Amino acid sequence: MTDQPLVLAVPSKGRLQENASAFFSRAGLKLVQKAGAREYRGTLAGLPGIEVRYLSASEIAGQLASGAAHLGVTGEDLIREMLPDPAGSVELLTPLGFGHASVVVAVPQAWIDVRAMSDLDEVASEMRLRQGRRMRIATKYVNLTRRFFAEAGIADYRIVESLGATEGAPAAGSAEIIVDITTTGTTLAANALKILDDGVMLRSEANLVASLKASWGETARAALRAVLGRIAAEERARTTREVRAALPESGQIDLATIAGLHEAELPYGAPRGADGEIVMRCPVDAVFDLSDALVQAGARAVSVRRIDYAFAAENPLAERLLARL
Ligand SMILES: Nc1ncnc2c1ncn2[C@@H]1O[C@H](COP(=O)(O)OP(=O)(O)OP(=O)(O)O)[C@@H](O)[C@H]1O
Ligand SMILES: O=P(O)(O)OC[C@H]1O[C@H](OP(=O)(O)OP(=O)(O)O)[C@H](O)[C@@H]1O
Ligand SMILES: [Mg+2]
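Residues numbered from 1 in each chain as written. Chains lettered and ligands numbered in written order. Predicted model: local features only at pLDDT ≥ 70, side-chain atom pairs only at ≥ 80, totals over all residues. Heavy atoms only, no water.

Q: Explain the packing of aromatic side chains to me, and be specific about the residues and the numbers.
A: The geometry of an aromatic ring pair is captured by two quantities: the separation of the ring centres and the angle between the planes. The final tally for this structure, using the stated rule, is four aromatic pairs. Taking the centre distance of 6.4 Å and the plane angle of 70° together, the rings of phenylalanine 148 and phenylalanine 149 count as edge-to-face. Each residue in the set Phe148, Phe149 and Tyr157 is aromatic and connected to the rest through ring pairs, giving one cluster. (Phe/Tyr/Trp six-rings, centres within 6.5 Å; stacked < 30°, edge-to-face > 60°.)

Put into structure tokens, the structure is as follows:
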């Protein structure tokens, strides 16, 4: 078997594209697109064994499912909708803090008595009884809708598959209600629709996702460690601060206790010698309490700084995935 490169699928358009590029560059991963405007492949600068593919968010979900891509950035909504067995075919490595959107059940605002899924059950039964037809739901989230309605005990409906402008379906008369994704709610409001009180099916955001179906040879595994090592180093750096100080004149300070109280660590160990320097690292939220504690304990010149990357021997993201391969 040939030792294939790691295929990294990156959004090439749409809502996730810009944020995804920013995420990779923060982690020091420079996407280099091959020459030619129609070339949808690239590499990562300085990292061998990786092929970048530029695809739409839904194609990325598909390629992770089939194993054509090893790693990708896509919306959790697409993973849950498109994969029959997400838990068995992919690993959601980490949410990325962008691409937030919810998949919701929305009905016409004019249905003033309909507020919850249980009310919808009544609407469906009445429609069936009085008009002899089933309630129609316009959506492209066919699988998520079937699952959610089954859990709500509603069976009397029909799905009208929508390819776009789903919110327009009720006004156009092609469906009574819709299931779609929303962020600001602007599109729903513009179409005189409202979300049911218990109608939020999924809160989604962009995730870094790994395929369990891809072929993970040595080259791909080595590339995985390198990529996830940088991503983890950036995240560790972003969520922590480095706190430095000079030892008290007396040289006496109980750093272990102070560290323990403020979730801090001494990444370079305890200071040596009377004019040693204390270097600690703590979560962003703990910075002021830790600094106060150091000052109270007699430490001098306490300063706090951001760090760009914090590399470590441990690679929790990679280990979690490799344990499943
Ligand atoms: N307000 C939003 N509306 C739609 N998608 C959003 C929104 N906010 C975040 N997303 C995320 O972006 C994903 C789809 O992005 P987008 O619509 O840009 O892709 P696309 O280019 O239309 O993909 P395709 O052409 O395959 O449909 C969604 O599945 C969701 O995860
Ligand atoms: O709640 P809002 O902030 O108003 O956003 C929701 C709208 O955005 C998405 O469409 P998109 O712009 O991605 O177009 P598409 O349907 O062509 O993908 C989604 O399908 C909704 O129509
Ligand atoms: Mg879209």
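Q: Give a detailed account of the UniProt feature "domain: ATP phosphoribosyltransferase catalytic" (unreviewed entry) in the protein chain, specifying residues and quantitative values.
A: Mapped onto the present numbering, the UniProt feature "domain: ATP phosphoribosyltransferase catalytic" (unreviewed entry) falls on residues 57-230. Annotated as 39% helix and 30% strand, the span residues 57-230 places its first and last C-alpha atoms 23 Å apart. (UniProt positions renumbered as here; feature names shortened; annotations may be inferred. Helix = DSSP H or I, 4+ residues; strand = E, 2+ residues; numbered from the N terminus.)

Q: Describe in detail the site of ligand 1, supporting the description with residues and values.
A: The environment of ligand 1 is made up of 14 residues, and the closest members are Lys13, Arg15, Ser58, Asp77 and Thr183. Note that an oxygen atom of ligand 1 is positioned 2.2 Å from one of the side-chain N or O atoms of serine 58. Contact between ligand 1 and threonine 183: a nitrogen atom at 2.6 Å from a side-chain N or O atom of the residue. Relative to its free-state accessible area of 620 Å², ligand 1 is covered by the protein chains to the extent of 77%. Grouping the constituent residues of the shell around ligand 1 by class yields four nonpolar, seven polar and three charged. When residues are assigned to domains, the shell around ligand 1 turns out to be shared by domain 1 (6-99 + 205-215) and domain 2 (101-203), each giving three or more. (Near = heavy atom within 4 Å. Polar contact = N/O pair within 3.5 Å; in protein donor to acceptor, adjacent residues only side chain to side chain. Areas by Shrake-Rupley, 256 points an atom, 1.4 Å probe, with all protein chains shown as cover. Nonpolar A, V, L, I, M, F, W, Y, C, P; charged D, E, K, R; others polar. Domains from an automatic or database assignment.)

Q: Please set out the nonpolar core residue by residue, giving values where relevant.
A: Residues Leu6, Leu8, Ile50, Leu224 and Ile231 are the most contacted members of the largest nonpolar core, which totals 48 residues. Residue contributions to this core peak at six residues, all from helix H9 (residues 218-239). Look past the residues within four positions of leucine 224 in its chain and what remains in contact with it is Leu6, Leu71, Trp216, Gly229, Ala318, Leu321 and Leu322. Among the nonpolar cores identified, the runner-up in size contains 24 residues, and Leu120, Met135, Ile159 and Val179 belong to it. (Core = buried A, V, L, I, M, F, W, Y, C linked by side-chain atoms within 4.5 Å. Buried < 20%, exposed > 50% of the residue type's maximum accessible area, 1.4 Å probe, protein only. Contact = heavy atoms within 4.5 Å.)

Q: Before we move on, could you go through the pattern of salt bridges and cite the residues and values that matter?
A: Scanning the model with the defined rule gives 14 salt bridges in all. Ionic pairing is found between glutamate 91 and arginine 320, a salt bridge with its closest N-O pair at 2.8 Å. Of this pair, glutamate 91 sits in strand E6 (residues 90-95) while arginine 320 sits in helix H12 (residues 316-322), and the two are 229 residues apart along the sequence. Take glutamate 91: its relative accessible area is 11%, and that puts it in the buried class. Salt-bridge contacts for glutamate 242 lead to arginine 244; the nearest nitrogen and oxygen are separated by 2.8 Å. As far as burial versus exposure is concerned, glutamate 242 and arginine 244 are alike and both buried. Within this structure, Glu242, Arg244, Glu277 and Arg305 form a network of salt bridges that share partners. (Salt bridge = Lys/Arg side-chain N within 4 Å of Asp/Glu carboxyl O.)

Q: A description of the site of ligand 2 should follow, citing residues and the corresponding values.
A: Arg15, Glu167, Asp180, Ile181, Thr182, Thr183, Thr184, Gly185, Thr186 and Thr187 make up every residue found near ligand 2. Arginine 15 places a polar side-chain atom, nitrogen or oxygen, 2.6 Å from an oxygen atom of ligand 2. Within the backbone of threonine 183, a nitrogen or oxygen atom sits 2.9 Å from an oxygen atom of ligand 2. Protein chains bury 63% of the 500 Å² of accessible surface belonging to ligand 2 in isolation. Judged by the fraction of its atoms near the pocket grid, ligand 2 is located in the largest pocket. When contributions to the shell around ligand 2 are tallied by element, the ones reaching two or more residues are strand E10 (177-182) and helix H8 (186-190). Here the shell around ligand 2 is composed, by residue class, of one nonpolar, six polar and three charged. (1 Å grid on protein atoms, 1.4 Å probe; cavity = no way out; pocket = protein on both sides within 12 Å on 5 of 7 lines; lining within 4 Å. Sits in = over half its atoms within 2 Å of the grid points.)

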